[in-house]
Amino acid sequence: MKSMLKDAAILFAITLIAGLLLGGVYQITKEPIAVQEALKLENACREVFADAASFEEAGDFDAVHAEEVLAAGGYTAQTIGGCQTAFDSSGQIIGYVITVTSHEGYGGDIQFTMGINSDGSLNGISLLSISETPGLGMQAEDVLVPQFAGRSSDSFVYTKTGASAENEIDAISGATITTNAVTNGVNAGLYYFQSELQSMTGGAGNE
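Thresholds, definitions, all that
Residues numbered from 1 in each chain as written. Predicted model: local features only at pLDDT ≥ 70, side-chain atom pairs only at ≥ 80, totals over all residues. Heavy atoms only, no water. Helix = DSSP H or I, 4+ residues; strand = E, 2+ residues; numbered from the N terminus. Rg over C-alpha atoms; globule rule 2.2 N^0.38 Å. Buried < 20%, exposed > 50% of the residue type's maximum accessible area, 1.4 Å probe, protein only. Contact = heavy atoms within 4.5 Å. Areas by Shrake-Rupley, 256 points an atom, 1.4 Å probe, with all protein chains shown as cover. Lys, Arg positive; Asp, Glu negative; His and termini not counted. Charge placed at Lys NZ, Arg CZ, Asp CG, Glu CD. Core = buried A, V, L, I, M, F, W, Y, C linked by side-chain atoms within 4.5 Å. Disulfide = S-S within 2.5 Å. Phe/Tyr/Trp six-rings, centres within 6.5 Å; stacked < 30°, edge-to-face > 60°. Pairing = 2+ DSSP bridges. Axes fitted to C-alpha atoms, helices over the stretch in contact; angles between N-to-C directions. Patch = residues over 30% accessible without salt bridge, like charges linked within 9 Å, V, L, I, M, F, W, Y side chains within 5 Å. Salt bridge = Lys/Arg side-chain N within 4 Å of Asp/Glu carboxyl O.

Right, let's talk about the overall build of the protein chain for a bit. Scanning the protein chain from N- to C-terminus turns up 5 helices and 7 strands. Listed N to C, the secondary structure of the protein chain is α-β-α-β-β-β-β-α-α-β-β-α in terms of helices and strands. In terms of overall dimensions, the protein chain is more spread out than a globule: its C-alpha atoms have a radius of gyration of 22 Å, far above the 17 Å expected for 207 residues. In terms of overall dimensions, the protein chain has a C-alpha envelope of 80 × 45 × 30 Å along the principal axes. Every one of the 207 residues in the protein chain was classed for burial, and the buried ones make up 38%. For the protein chain, restricting intrachain contacts to residue pairs at least 6 apart in sequence, the fraction spanning at least 24 positions comes to 56%. About 11,300 Å² of surface is accessible on the protein chain, with carbon and sulfur atoms providing 56% of the total. Between the centroid of the 7 positive side chains of the protein chain and the centroid of its 25 negative side chains there is a distance of 20 Å.

This is how it looks when you write it as structure tokens:
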């Protein structure tokens, strides 16, 4: 019995010390990690909204409500992970940066940011994470991303025969699942903007 109590005491002491060490490491690294995350977000926003002077997290953003909004529009395979307000040098709202995750990718989730001007036009998108098939879906960065820059449409569709309209996106050859996932994700972000944000900017919708 004494031996068991001794072993238990030793195990408890080891666990306690390990817990204290882990807690100390967390406190030491918490602030640098937060700084790096903030910098990563700032860079992602800047990439899709270069004209903005500053960004600020939308104070009334609620992920649960965003999910409900998307569901009402039929976007049940997409989620909004965050929303940043873009300001000009005078402090006026000029648009938003929305973080979208599409759960329809061939290799898993595809996450990206998208910059939307107050009039609903799209500055572009920037991929944050993607794990599609090398040589096919992984071409999204080179094939799909550039096509959304500077476009203006309420929603987009993809085509395999060559885009000929403002709302058409050329699909990646052999990777329509990836193309569909990104396109639906962009449409989900646009729908959220049109439903929740556009009225705050005074922008007019696209025709």
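Next comes the rest of the write-up.
On to the nonpolar core, then. In terms of nonpolar packing, the biggest core is built from 35 residues, with I98, M114, F148, V186 and Y192 touching the most fellow members. Of all the elements in the fold, those that place two or more residues in this core are α2 (63–72), β2 (78–87), β3 (93–102), β4 (110–117), β5 (122–129), α4 (145–148) and α5 (176–201). Apart from the residues within four sequence positions on either side, V186 is in contact with F112, M114, L122, I125, F148 and F156. Ranked by size, the runner-up nonpolar core spans 7 residues in total, among them F49, F55, A86 and V97.

Let's shift gears to the state of the cysteines. A full pass over the atoms with the stated rule returns 0 disulfides. Not engaged in a disulfide, the cysteine C45 finds its nearest cysteine sulfur in C83; these two sulfurs lie 9.3 Å apart. Take C45: its relative accessible area is 2%, and that puts it in the buried class. Residue C83 is classed as buried on the basis of its relative accessible area of 2%.

A complete count under the given rule lists 4 aromatic pairs for this structure. Ring plane angle 50 degrees and centroid distance 5.7 Å describe the contact between Y75 and Y191, whose orientation is recorded as tilted. Of the two residues, Y75 sits in the loop between α2 and β2 while Y191 sits in helix α5, which places them 116 residues apart along the sequence. Its relative accessible area of 17% is what places Y75 among the buried residues. The exposure class of Y191 is partly exposed, given its relative accessible area of 24%.

Let us look at the sheet that holds β2. In spatial order, the strands read β1-β2-β3-β4-β5; together these 5 strands make up an open sheet with antiparallel pairing. Looking at which strands have only one partner, the edges of the open sheet turn out to be β1 (54–57) and β5. Direction aside, neighbouring strands of the sheet carry axes that sit 25 degrees apart on average. Where β1 meets β2, 4 bridges bridge the pair, whose relative direction is antiparallel. In the strand pairing of β2, E56 is matched with T85.

A few words now on the environment of A66. Position of A66 relative to the elements: it lies in helix α2. Judged by its relative accessible area of 0%, A66 falls in the buried class. Taking the C-alpha atoms as reference, A66 lies 6.3 Å from I80; in sequence the two are 14 residues apart. Ignoring sequence-local partners within four residues, the contact set of A66 consists of F61, I80 and Y192.

Now for a nonpolar patch on the surface. A contiguous nonpolar patch, built from F12, L16 and L20 and spanning about 350 Å² of accessible area, is present on the exposed surface. As for its position among the elements, F12 is in helix α1 (residues 2–48).

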